[in-house]
Every structure is written in C-alpha cells, then in structure tokens.
Amino acid sequence: MSLVSDAPATTSVQALGEIVCVQLPRDAFRQLLAQHPLIARKVLWRFVETLSERLDRTDRDLARALKASERGAAFRHVSALVWLELRIAWSYLWVWIRTRIFRAPLSPERLSEHHRRNARRFKSTACRLKGANVKIGQLASMQAHLLPPEYIQELRALRDAVEPTEYPLIASVVQAELGAGPLELFESFEKHPIAAASMAQVHVARLHTGEKVVVKVQHPGLERSVAIDLALMGVVFRVLGWIFPRLDLQIVLREAEEPLRRELDLVLEGKATDELRCELEPLGVIVPAVHWELTSRRVLTLGFIEGTNIDHLEQIKRWNVDRAALAGVYLRAFLHQAFVGGTFHADPHPGNAICTPDGRLALLDFGMVKKLPENVRNGLMKEIFGGFFNNAKLYVDGLIEKGAIGEADRATVEEFASKTFSDPTMRGLIFDHQVDDDSVLGSLVGALKGITELPTFRTPSDNLMFLRALGIVIDVCKEVAPELSPSELAMPIMMPILGEFIAKHPEYAAVMTGPAG
C-alpha cells in the first residue's frame, strides 16, 4: 500500500469512498494539495486510518503467533527435561534391579558404556536447551573425585562449547537491543561464534576504529529457559526435602537462583567486569575492558584477548609457559577475590580462564559473581585455616560463625575435625581431591552425613557457590600443574591472608605454629 510513487499512476478509489489504493505521481499529489486541500486531507486521513488498522491487525496476529510459539517452546523444553530425567533414572534403576535382585551385575566394560551413554544423553539435551542445564553439566565435569570418568570426559565439552544459536536470531537480538544490526554497528562481525555457552554466545567483531572486540549475545528465549529450569529444580528439591527433612534444600536453590538471574542482565556483568578488573590488575591478571556504548541488557561488547583456554595444555606447552606459575596466579586470583575483596567469580571453569601467549592469566565472563557476607567470609576463613592447620577449635568456630551448627554441638564436631584433619589420606581427599581409595571417600561422606544429623545443624546459606567454585579451582589446578598438589600451590598464597586474619583476631595466633598435616 503506497501513497506517493515516482511512477506515473492515477488515484484508484473504490465506490462509496472505500480506498483500495492511492498511488499518485509526486507532481500530481502536490497539485492536489494546492487546488483541493479538503479532498487531499480526506485522502491522507483515510490512508493513515487504513494503514493503522492494517498495522494493528498485523501486530495482533504477530503477538498471537509469538505467544503460541513461546507456549510450544516451553512445552518442548519441559518435555525434553522430564524425558531425560526419566531415561537416566530408569537406566540406573534397572542396573540396581539387575545387580541386587537378579544378582547379575554388569561387567566393568558394560558399566562404563552405560555411564557414557547417560552422560551423552545429558550433554546432548543440555546443548540444545542451554540455560541452567549447561551450568549443571559444567559443574559436573569438574567433579572428578565424585563422578565416573566417563561423565568427566563427555561433559568436558560443555565448558565452553554448546550448540550455537543461528546468526539471524543473534542479529535480531542485537537489532532489538542496540537499535541497529551488527553490520551497521561494527565494521565487521563474524557470523560464526568463537564460543557458545549456556546463557550466551560470543562473536568476534571489529569496531569502526579498527579495534578488535568480542560481542556476547544472549540466546533468544533465555529467560523462559532459566525460569523452567529453576521451577523444575524447585520441584526436585522439594521432593528431596521431604526425603531428607533436616536439609533445607531450598537454600541451595535460592543461592543458585540469584547468580543465574543476574546472568540474564549483561549490564550487571559489565559492572562486575569493571569492578573486578580494578581488583585483579595489581595481581597481573588481565580482565577485558567494557565498551559501554555497545552494551545493553542482552548484548555485551568487550575488548578482545588473544590466548587459549587454561586447560589447553598442548598449546600452553608450545608457548613454553610455566604451568605451575600460571596455576598459582589462577588460584591466587580466586582466593584474593573471595577472602580479600569478598566478591568472587563464581564460575571459574577453564572456558572462562585464558592463558595468553606470554603466559599471563586472563579471566572472562563475570556474569556469575557472588558477594560473601562478612560472617560467611570470616567463617569460611576460620573453617579452611582450622582444617588446613589441624586446629579443631578454629574449624568449629568457623562453622558456628557462618551458621552451619550451634554451640551445643561443638564437642562432637571438634572430635570429627581432630580425627579427619590428622589423617593424611583424608587431607589429600579434602584439600587436593586426591582419591586413592574409594572407601576413604565413603568414610568422609558418612562422617559428613553424621554432622548433618546433629540437632543444631542448618544448611549454611551464602557459601555454597564459593564451595562449588573452590572445587572447580582445585580440579583446574590439578589439571594445569599435576606435578604440584593444590595445597602446595595454596600455601604461599594463603600465608599473607592468614597473617592479616591473625592481626584482626590475635586470639588465634597459635594457628601460625599449629600442625599442617
């Protein structure tokens, strides 16, 4: 439908004044305005009215189509997750029935293939659905001390690579957020992402100034995906809460929910990036600069950093990088964030840690950060120092300060701490994730379960993300520098932090001379 055209044409008006098409040469339209202003006004008004009606009808049709599409996508998302959970649960239930009831256990080879098949099922579904499912897989891929090796091998791919979103959809997100398409805003924009993660994917681009940047764009429909994942996790946690009523598993959900919802707003990630860049630069750690003029809620533009993931050991060896020093900086950066600044990178998996060609460490993706409350930060320091230096009183003081147990159970937990942290095998398991004997892991799990059954025990809040991230950091250090234990790397880093802690709490000065093993 057009009003003015350069092509020669005449006005086409249906009987009774219903305008089907108005198409006038420019000169004829100007003449109409000059000679018959009332008629011209009527023609213009009817044109605008008709156009408005058609736009309104199209908008309603599009809204209905989008709503139907959202409902369909939500149904497919829920169905995929439920089907995945049922398949995995049934497969292991059948193994249990076969082993316990029919007394016909699987051979090690068949059990290994069984684990691998389920790991691939989870990986495939997580790659398709993205969102919180990939976060779970990333966490699982770092738990080498708990999961079968088949899961570790298969889920490793989720660290920095999931199924990417098609470029037209990514371009539409950029257009909606920044008011123009990628090829207008940037001199160049690579259509294929260099990395696709759970919440967003990253494209290399170049500014009109010539500077190379990376553009992080959220996957379309992400808010719906995260809402569904969190809702399903809430159902699972409520069921587990009925089975284990003494564990407040809703605390776990709430603590995981807050960082995940923060990741839905890339402006918050940009602010966290700026904050932690100032904190980490004195340690020699590189954090990319934020280009705020090209950043919004769902698009984040950052400076480009040349390098490779910290676990790409072959490339790091070719660069002749000191891997022990690299792992030390990585560990120092995490501990400094948590215990000195109080705000830490809660998702430090290898896809978010880069080694540059000159051997420097760069940290990326500050969407999931966590601030430790003062009582939790102090409690964690007491807990870690007390365990490492085998000081049961300090260890229990930390548990009490962060709210895990009450004073009434002090004697029981001190007895547990003295026994556990004086055992070299237990220390290797706790501080270095070293599992030489599966029975030791079973003993530790059993002892910890006993603590959770104490009358005053409460699931501690605001520190679960730290413990998760610390577990990731320990496993990455083992992978990057296997010749050194994480506790050996940590010792020179923790001593200055311990010195500052003792200066504030002189009553614990005996820790400095206490046994460390």
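Residues numbered from 1 in each chain as written. Predicted model: local features only at pLDDT ≥ 70, side-chain atom pairs only at ≥ 80, totals over all residues. Heavy atoms only, no water.

K.L.:
What should I look at first to understand the overall build of the protein chain in this one?
P.N.:
When you go through the protein chain residue by residue, the secondary structure sums to 19 helices and 12 strands. Evaluated residue by residue, the protein chain yields a buried proportion of 47% over its 517 residues. Looking at the protein chain alone, contacts between residues at least 24 apart form 64% of all its contacts between residues at least 6 apart. (Helix = DSSP H or I, 4+ residues; strand = E, 2+ residues; numbered from the N terminus. Buried < 20%, exposed > 50% of the residue type's maximum accessible area, 1.4 Å probe, protein only. Contact = heavy atoms within 4.5 Å.)

K.L.:
Help me understand the packing of aromatic side chains, please; the structure alone is not making it clear to me.
P.N.:
For any two aromatic rings, the description comes down to two numbers: the centre-to-centre distance and the angle of the planes. With the rule as written, the count across this model stands at 13 aromatic pairs. Ring geometry for Phe501 versus Tyr508: centroids 5.9 Å apart, planes at 20°, classification stacked. Ring pairing ties together the aromatic residues Phe388, Phe389, Tyr395, Phe421 and Phe431, which thus form one cluster. Lying across the ring of Phe304, Lys212 places its NZ or CZ 4.2 Å from the centre. Geometry around Phe388 places Arg427 over its ring, the cationic atom sitting 5.5 Å from the centre. (Phe/Tyr/Trp six-rings, centres within 6.5 Å; stacked < 30°, edge-to-face > 60°. Lys NZ or Arg CZ within 6 Å of the ring centre and 35° of its normal.)

K.L.:
I'm lost on the nonpolar core in this one. Help?
P.N.:
Nonpolar side chains tend to gather and get buried jointly when the protein is soluble and globular. Among the nonpolar cores identified, the biggest contains 76 residues, and Tyr330, Phe339, Phe344, Phe385 and Phe466 are the most heavily contacted of them. In terms of residue count, the dominant contributor to this core is helix α18 (residues 464–480) (10 residues). When near neighbours in sequence (up to four residues on either side) are disregarded, Tyr330 contacts Ile310, Pro348, Ala353, Leu361, Ile472, Val473, Val476 and Cys477. Counting residues in hydrophobic clusters, the runner-up holds 16 residues, among them Tyr167, Ala205, Leu207 and Val215. (Core = buried A, V, L, I, M, F, W, Y, C linked by side-chain atoms within 4.5 Å.)

K.L.:
Would you explain the pattern of salt bridges in this entry?
P.N.:
Should their charged atoms come close, side chains of opposite charge can pair. A full pass over the atoms with the stated rule returns 18 salt bridges. The partner of Arg120 in a salt bridge is Glu154, with the nearest N and O atoms 3.2 Å apart. Taken together, the residues Arg120 in helix α3 (residues 108–129) and Glu154 in helix α5 (residues 149–155) connect sequence positions 34 residues apart. Judged by its relative accessible area of 9%, Glu154 falls in the buried class. For the salt bridge of Glu383 with Lys402, the shortest nitrogen-to-oxygen distance reads 2.7 Å. Of this pair, Glu383 sits in helix α13 (residues 374–388) while Lys402 sits in the loop between α14 (392–401) and α15 (410–421); the two residues are 19 residues apart in sequence, bridging distant segments of the chain. When sorted by exposure, Glu383 lands in the same class as Lys402, which is buried. If you follow the salt bridges from partner to partner, you end up with Lys393, Asp397, Glu407, Arg410 and Glu414 in one network. (Salt bridge = Lys/Arg side-chain N within 4 Å of Asp/Glu carboxyl O.)

K.L.:
Would you mind going over the sheet that holds strand β11 (residues 361–363) with me for this structure?
P.N.:
One key point about sheets: their strands pair by backbone hydrogen bonds, in either a parallel or an antiparallel sense. On the basis of which strands lie adjacent, the open sheet formed by 3 strands has the order β8-β10-β11 and antiparallel pairing. Whereas interior strands pair on both sides, the edge strands pair on one side only; in this sheet they are β8 (308–309) and β11. Across 2 bridges, the pairing between β8 and strand β10 (residues 353–355) is antiparallel. When the bridges of β10 are listed, Thr308 appears paired with Cys355. The strands touched by helix α12 (residues 323–341) are β10 and β11; relative to β11, the strand with the most contacts, the crossing angle is about 40°. (Pairing = 2+ DSSP bridges. Axes fitted to C-alpha atoms, helices over the stretch in contact; angles between N-to-C directions.)

K.L.:
Looking at this structure, I do not really get the side chain of Thr125. What am I missing?
P.N.:
Relative to the helices and strands, Thr125 resides in helix α3. Judged by relative accessible area, which is 7%, Thr125 ranks as buried. At 3.0 Å, the side chain of Thr125 and the backbone oxygen of Arg121 are in polar contact. Not counting residues within four places of it along the chain, the set of residues in contact with Thr125 comprises Ala80 and Leu84. (Polar contact = N/O pair within 3.5 Å; in protein donor to acceptor, adjacent residues only side chain to side chain.)

K.L.:
Quick question: what am I supposed to make of a nonpolar patch on the surface here?
P.N.:
A cluster of nonpolar side chains, Trp90, Leu93, Trp94, Trp96, Ile101 and Phe102, forms an exposed patch at the surface whose accessible area comes to about 700 Å². Looking at the secondary structure, you find Leu93 in helix α2 (residues 37–101). (Patch = residues over 30% accessible without salt bridge, like charges linked within 9 Å, V, L, I, M, F, W, Y side chains within 5 Å. Areas by Shrake-Rupley, 256 points an atom, 1.4 Å probe, with all protein chains shown as cover.)

K.L.:
What's the story with the environment of Arg323 in this structure? I'm lost.
P.N.:
For Arg323, the position within the fold is in helix α12. Along the primary structure Arg323 and Ala481 are separated by 158 residues, whereas in three dimensions their C-alpha atoms are 5.7 Å apart. With near-sequence residues (within four places) excluded, Arg323 lies in contact with Leu313, Ile316, Lys317, Val480, Ala481, Pro482 and Glu483.

K.L.:
Would you mind going over the pairing of strand β5 (residues 200–206) with me for this structure?
P.N.:
Each regular strand displays side chains that alternate between the two surfaces of the sheet. Counting buried residues along β5, 5 of its 7 residues qualify, which places the element largely inside the surrounding structure. With 2 bridges joining them, strand β3 (residues 188–189) and β5 adopt antiparallel strand pairing. Looking at β5, one finds that Phe189 is bridged to Ala205. Bridge count between strand β4 (residues 195–196) and β5: 2 bridges; the pairing is antiparallel. For Ala195, the partnering residue across the bridge sits in β5 and is Val202. The turn joining β4 and β5, which pair antiparallel and follow one another in sequence, is formed by 3 residues. Across 7 bridges, β5 lies against strand β6 (residues 212–218) in antiparallel orientation. Its bridge partner being in β6, Ala200 is matched across the sheet by Gln218.

K.L.:
Please clarify how the packing of helix α10 (residues 266–280) against α12 should be interpreted in this entry.
P.N.:
In a pair of packed helices, the angle between the axes and the distance between the axes together describe the arrangement. Between α10 and α12, whose axes approach to 11 Å, the crossing angle comes to 100°. Relative to α12, α10 is oriented roughly perpendicular. Contacts between α10 and α12 involve Leu276, Glu279 and Leu280 on the former and, on the latter, Ala333, His336, Gln337 and Gly341. When grouped by side-chain class, the residues that make up the contact of α10 with α12 number 3 nonpolar, 3 polar and 1 charged. (Parallel < 35°, antiparallel > 145°, perpendicular 65-115°, else oblique. Nonpolar A, V, L, I, M, F, W, Y, C, P; charged D, E, K, R; others polar.)

K.L.:
Please clarify how the confidence of the model for the protein chain should be interpreted in this entry.
P.N.:
On average, residues of the protein chain carry a pLDDT of 82, and 83% of them reach 70 or more. Taken together, the stretch residues 1–19 has pLDDT below 50 and engages in 39 contacts with residues farther than four places along the chain or on a different chain. (pLDDT = per-residue confidence, 0-100.)

K.L.:
Can you walk me through the side chain of Asp409 in this structure?
P.N.:
Mapped onto the elements of the fold, Asp409 is located in the loop between α14 and α15. Beyond its immediate stretch of four places on either side in the chain, Asp409 contacts Leu454, Pro455, Thr456 and Phe457.

K.L.:
Just checking my understanding: could you explain α15 for this structure?
P.N.:
Along an α-helix, a turn takes 3.6 residues, which lines up residues three or four apart on a common side. Between its terminal C-alpha atoms α15 stretches 16 Å, which fits the 16 Å expected from 12 residues at 1.5 Å a residue. Buried within α15 are the following residues: Arg410, Val413, Phe416, Ala417, Thr420 and Phe421. Buried residues of α15, seen end-on, are gathered within an arc of 130° and therefore sit on one face of the element. Turned more than 90 degrees away from the buried face of α15, the exposed residues are Ala411, Glu415 and Lys419. (Expected span 1.5 Å × (residues − 1). Arc of directions from axis to C-beta.)

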